[in-house]
Amino acid sequence: MNNSKPKILVFCCNWCSYAGADLAGVSRLQIMPNFRVIRTMCSGRIEPEFVLSAFERGIDGVLITGCHPGDCHYISGNFKTLRRYYMLKLMLEQFGIDQRRLKLEWVSAGEGAKFQQVVNEFIEKIGTLGSLSL
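Let me sum up the structure you'll find in this document. (Residues numbered from 1 in each chain as written. Predicted model: local features only at pLDDT ≥ 70, side-chain atom pairs only at ≥ 80, totals over all residues. Heavy atoms only, no water.)

## Observations concerning the pairing of strand E2 (residues 35–40)
How we decide: By the convention used here, strands pair only if DSSP detects at least 2 bridges between them. Put simply, DSSP H or I for four residues or longer makes a helix, DSSP E for two residues or longer makes a strand, and each gets a number counted from the N terminus. Looking down the strands as they point away from you, a crossover is right-handed if its path from the first strand over the helix to the second goes clockwise.
Across 6 bridges, strand E1 (residues 8–13) lies against E2 in parallel orientation. Paired with Cys 12 across the two strands is Arg 39, which belongs to E2. In terms of handedness, the path from E1 via helix H1 (residues 17–26) over to E2 forms a crossover that is right-handed.

Pasting the structure below:
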């Protein structure tokens, strides 16, 4: 196992997964500290360029979180996210980036423990892959 501390970027939708992250924090759930959150109004607003730019700038893994399908405050934003996610996976493969460095999870406002688990597992997985070098 690689002992590096990976740099992780987590995109959170405002209405569900950011609130889930907040719940994890106020509940004092232990989450590894080497990640940063970018709050977006909807996971559907995360442009593919944002993800690719993160990798280009040295981020080792990108986690996209959003409302569960059917619960999006903008009706179909998370379905848009799902389509983009699969497209991004193919793009990463074309650029020689391991697809495991990108993950999508649905986390609701009441799922602080799930947010903790998802982030910690993702950080551990990216840690085993090591730093991304382009």
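So much for the structure itself; the text now carries on.
## Here's the deal with the state of the cysteines
Applicable threshold: Note on terminology: disulfide denotes any pair of cysteine sulfur atoms within 2.5 Å. Relative accessible area decides the class of each residue, using a 1.4 Å probe on protein chains only: under 20% of the type maximum gives buried, over 50% gives exposed, and in between gives partly exposed.
The full count for this structure, using the stated rule, is 0 disulfides. No disulfide involves Cys 67; its nearest neighbouring cysteine sulfur is the one of Cys 16, lying 3.0 Å away. On the accessibility criterion, Cys 67 (4% relative accessible area) is buried.

## A short note on the sheet that holds E1
Formally: Here an axis means a line fitted to C-alpha atoms, over the contact stretch when the element is a helix, while the angle between two N-to-C directions is reported on a 0 to 180 degree scale.
The strand order across the open sheet built from 4 strands is E2-E1-E3-E4, with neighbouring strands paired in parallel fashion. Sheet topology places E2 and strand E4 (102–106) at the edges, where each strand pairs with a single neighbour. Mean inter-strand twist for the sheet, computed between neighbouring axes without regard to direction, equals 20°.

## Notes on the environment of Phe 122
For clarity, the threshold we go by: Contact definition: two residues touch when any of their heavy atoms are within 4.5 Å.
Within the secondary structure layout, Phe 122 lies in helix H4 (residues 112–129). A relative accessible area of 1% means that Phe 122 is categorised as buried. Separated by 61 residues in sequence, Phe 122 and Gly 61 place their C-alpha atoms 8.1 Å apart. Setting aside anything within four residues of it in sequence, one finds Phe 122 in contact with Ile 8, Gly 61, Val 62, Leu 63, Arg 100, Arg 101, Leu 102 and Lys 103.

## Digging into a nonpolar patch on the surface
Selection rule: Patch criteria: residues need more than 30% relative accessible area and no salt bridge. Like-charged residues are merged within 9 Å; nonpolar side chains of Val, Leu, Ile, Met, Phe, Trp and Tyr are merged within 5 Å. Surface exposure here means Shrake-Rupley accessible area, sampled with a 1.4 Å probe, where a residue is shielded only by the protein chains that are shown. Salt bridges are counted wherever a side-chain nitrogen of Lys or Arg sits within 4 Å of a carboxyl oxygen of Asp or Glu.
Judged by side-chain polarity, Trp 15, Met 41 and Tyr 74 come together as a nonpolar surface patch covering roughly 300 Å² of accessible area. Within the secondary structure layout, Trp 15 lies in the loop between E1 and H1. Owing to a relative accessible area of 37%, Trp 15 belongs among the partly exposed residues under this scheme.

## Here we look at the pattern of salt bridges
Evaluation of the coordinates by the stated rule reveals 4 salt bridges. Note that Glu 105 and Lys 103 form a salt bridge whose closest N and O atoms lie 3.2 Å from each other. According to the relative accessible area criterion, Lys 103 is partly exposed, its value standing at 22%. Taking the shortest distance from any N to any O, the salt bridge between Glu 105 and Lys 114 comes out at 3.7 Å. Connected via shared salt-bridge partners are Lys 103, Glu 105 and Lys 114.

## Notes on the nonpolar core
Test applied: Nonpolar cores were defined as sets of buried Ala, Val, Leu, Ile, Met, Phe, Trp, Tyr and Cys residues, with membership established by side-chain atoms within 4.5 Å.
Counting 17 residues, the largest nonpolar core has Phe 11, Val 51, Phe 55, Val 62, Ile 64 and Leu 102 as its most contacted members. Listed by contribution, the elements that provide at least two residues to this core are E1, helix H2 (48–56), strand E3 (61–66), helix H3 (77–94) and E4. Other than its neighbours up to four places away in sequence, Phe 55 contacts Asp 60, Gly 61, Val 62, Leu 92, Ile 97, Arg 101, Leu 132 and Leu 134. By size, the runner-up hydrophobic cluster in this structure holds 14 residues, among which are Ala 21, Leu 63, Val 118 and Phe 122.

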